[in-house]
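Structural overview
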Amino acid sequence: MYSSKIQTQAELTIALHIRQLVFVEEQGTPLQDEFDEFDDYEALKDRVQHILVYYNEKPVGTGRLRAVDGFAKLERICLLPAYRKFGLGNVIVHALEDIAKGLGYTQFKLHGQQQAEGFYHKLGYQTVSDLFMEDGIPHVIMVKALAFEDDSP
C-alpha cells in the first residue's frame, strides 16, 4: 500500500469516481454537492493537491488538500468499503499531512464525519466544534498542530 500525488487528468478521474462511489452512492451526498471548483484538473497546480492510495497496485482511496484560513485543510478523504480494514485511512491522512508540511504548513484542519471522530483523535486531531450537518451527515471540525522538536543539546 502506498499513496501518490495525482499528476494526470486520468488519475483525477479515478479519484473522483472513488468519491462518487463512497460519498454519493454509499452515503447519499447529492451529486451536485460532492464536486466543486477544486476538482478541476487545472486547479491542481496551485490551489489544491489530490492523492490516490493504492492497495495491491489498485487505486482504492483518495483525499485532497487545500489552504483555508492559514490551515492545511484535509478534505474528501474516503476509501472503498472493501479496503477500510487495512490501515489505508492512516496512509491518506499522513500523505496529505506530509504534502502540507512540505508546503510549510504546521496546522491542519478537517471536517470529520461524526462516525470517524475517534479515528482522527487517534491521529492527533482535536474536536473544536459542536456537531453540524454537512451534506446530510453529522460532522465536527477537528484541528491538529505540529509539535516542534527542540534540536538543542
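Attention in this report is confined to the structure presented alongside it.

Here is what the cut-offs are and how they apply
Residues numbered from 1 in each chain as written. Predicted model: local features only at pLDDT ≥ 70, side-chain atom pairs only at ≥ 80, totals over all residues. Heavy atoms only, no water. Helix = DSSP H or I, 4+ residues; strand = E, 2+ residues; numbered from the N terminus. Expected span 1.5 Å × (residues − 1). Bend = angle between axes of the 7 residues up to and from the residue. Buried < 20%, exposed > 50% of the residue type's maximum accessible area, 1.4 Å probe, protein only. Contact = heavy atoms within 4.5 Å. Pairing = 2+ DSSP bridges. Right-handed = clockwise from strand over helix to strand, strands pointing away. Salt bridge = Lys/Arg side-chain N within 4 Å of Asp/Glu carboxyl O.

Here we look at unusual backbone geometry
Outside of glycine, negative phi angles account for most residues, and trans bonds account for most peptide bonds. In the Ramachandran plot, Glu57 falls in the positive-phi region, its phi being about 70° despite a non-glycine side chain. Here the phi dihedral of Asp69 falls at roughly 55°; this positive angle occurs in a residue that is not glycine. As for its placement among the helices and strands, Asp69 is situated in the loop between β3 (58-68) and β4 (71-79).

Quick word on helix α1 (residues 9-26)
End to end, α1 covers 24 Å across 18 residues, agreeing with the expected 26 Å (1.5 Å per residue, within 8%). Its axis deflected by about 30° at Gln20, α1 carries its strongest bend there. Where α1 is concerned, the buried positions are Glu11, Leu12, Ala15, Leu16, Ile18, Arg19, Val22, Phe23 and Val24. For α1, the elements touching its buried residues are β1 (2-5), α2 (31-34), β2 (48-55), β3, β4 and β5 (107-113). Just beyond α1, the residue with positive phi is Gly28, at close to 85°.

Re the pairing of β5
Of all seven residues in β5, five are buried, a share of seventy percent or more. Of the strand pairs in this sheet, β4 and β5 are connected by three bridges, and their pairing is parallel. Counterpart to Leu74 in the pairing with β5 is Leu110. Each parallel crossover has a hand, and the one from β4 via helix α3 (residues 88-102) to β5 is right-handed. Bridging between β5 and strand β8 (residues 137-145) involves seven bridges; their strand directions are antiparallel. In the strand pairing of β8, Phe108 is matched with Lys144.

Thoughts on the pattern of salt bridges
Across all of its chains, the model carries twelve salt bridges by this definition. The residue Glu26 makes a salt bridge to Arg84 at a minimum N-O spacing of 2.7 Å. Of the two residues, Glu26 is situated in helix α1 and Arg84 in the loop between β4 and α3; the sequence distance between them amounts to 58 residues. Classification of Glu26 by relative accessible area gives partly exposed; the value is 40%. Among the ionic pairs, Arg66 bridges to Glu75, the shortest N-O distance being 2.9 Å.

Scope: geometric values only; no functional claims are made or implied.
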